[in-house]
Structures are given as structure tokens and as C-alpha cells.
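Read off the chains here:
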Amino acid sequence: MLGCWIILQLIGEQLLDWPIIHYLALRPHAIVAEGFIWQLFTYMFLHSTDFGHILINLLMTWFIGAELEQRWGSRRWLTFYFLTGIGAGFLYSVIAWGIFAIGMGVSAIVTPVIG
């Protein structure tokens, strides 16, 4: 995860000006309007360029993940990790579209979500 963060966000986005956030961050509008369905999966691996953010995420995943992996096994842990991440992205998207539908603004469906 740290390697992805360094390559994609620090080098790719910051130094080379690649549109990483545009294509990989979760944007509910892009999922529906542009068919960027993969964003329900890829947003989990993006983080802010603040090193503290990625450090805390890595430590918490290690502390909690190691315990769950020992109890459940690798396959069940990875299934849990991905299903909860994708489920959270899907739930966020549904709620964002609901906010948009009741007229509370467009920002919920166009603002990128990462991590």
C-alpha cells in the first residue's frame, strides 16, 4: 500500500501531474455518468499526500488486520477487507445521490473521496 501511495500519488500525481484522483478516487457522479465503476474499489488505495494520514492508515490496518487474519485466515480477512471497502463506497454513493436528489447540492456527488 505504501508503494502504491508513493508511485501513484507522490510521484504520479504530484511530480508528473497525472490525473490519479480523477480516475481512481470515488466520485459518485463519475460512476454513473462516465461508467467509472472501478472507483468503488480503487478509492480505498488512495490517500492524501500528508504522510501522517498514510502512516496512521497503515498502522491501523496492520494492528487490526494482523489480529483478524490470525483468527480468520488470509482469505477471509481479504474478503472482509474488500467487501467492507466496496460496501462503504457503494453506501456513500447511494447517500450522496440521495443528498443530491433532495436538492442539498451537487458537491456530494462530484467531490472525490479517498482512503
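One can find the structure itself at the top, above this paragraph.
The residue numbers shown here count from 1 along each chain, following its written sequence. Side-chain atom pairs in this predicted model are given and counted only at pLDDT of 80 or more, local residue features only at pLDDT of at least 70, and totals for whole chains, interfaces and linings cover all residues. Hydrogen atoms and water are omitted, and side-chain values are computed over all heavy atoms in the structure.

Engineer: Tell me about a nonpolar patch on the surface, residues and numbers included.
Structural biologist: Candidate patch residues must exceed 30% relative accessible area and have no salt bridge, after which like charges are joined if within 9 Å and Val, Leu, Ile, Met, Phe, Trp or Tyr side chains if within 5 Å. Every accessible area reported is derived by Shrake-Rupley at a probe size of 1.4 Å, with residue values counting cover from the shown protein chains alone. When a carboxyl oxygen of Asp or Glu is within 4 Å of a side-chain nitrogen of Lys or Arg, the pair counts as a salt bridge. On the surface, a cluster of nonpolar side chains totalling about 840 Å² of accessible area is made up of Leu2, Ile6, Ile7, Ile11, Leu15, Leu16, Trp18, Phe51 and Leu55. Elements supplying a minimum of two residues to the nonpolar patch: helix 1 (2–15) and helix 5 (51–72). Working definition: helices are DSSP H or I runs of at least four residues, strands are E runs of at least two. Numbering for both runs from the N terminus. Per-element accounting of the nonpolar patch gives the leading share, 5 residues, to helix 1. Examined against the element boundaries, Leu2 turns out to sit in helix 1. Summary of the burial criterion: residues with accessible area below 20% of their type's maximum are buried, those above 50% are exposed, and those between are partly exposed, where the area comes from a 1.4 Å probe applied to protein chains only. The exposure class of Leu2 is partly exposed, given its relative accessible area of 33%.

Engineer: Provide a residue-level description of the environment of Trp5, including the pertinent values.
Structural biologist: The residue Trp5 is located in helix 1 in this model. Measuring from C-alpha to C-alpha, the distance between Trp5 and Arg27 comes to 19 Å, with 22 residues separating the pair along the chain. Those residues in contact with Trp5 that sit more than four places away from it in its chain are Leu10, His47, Ser48, Thr49, Asp50, Phe51 and Ile54. Contacts are assigned to residue pairs with any non-hydrogen atoms lying within 4.5 Å of each other.

Keep in mind these values describe shape, not function.
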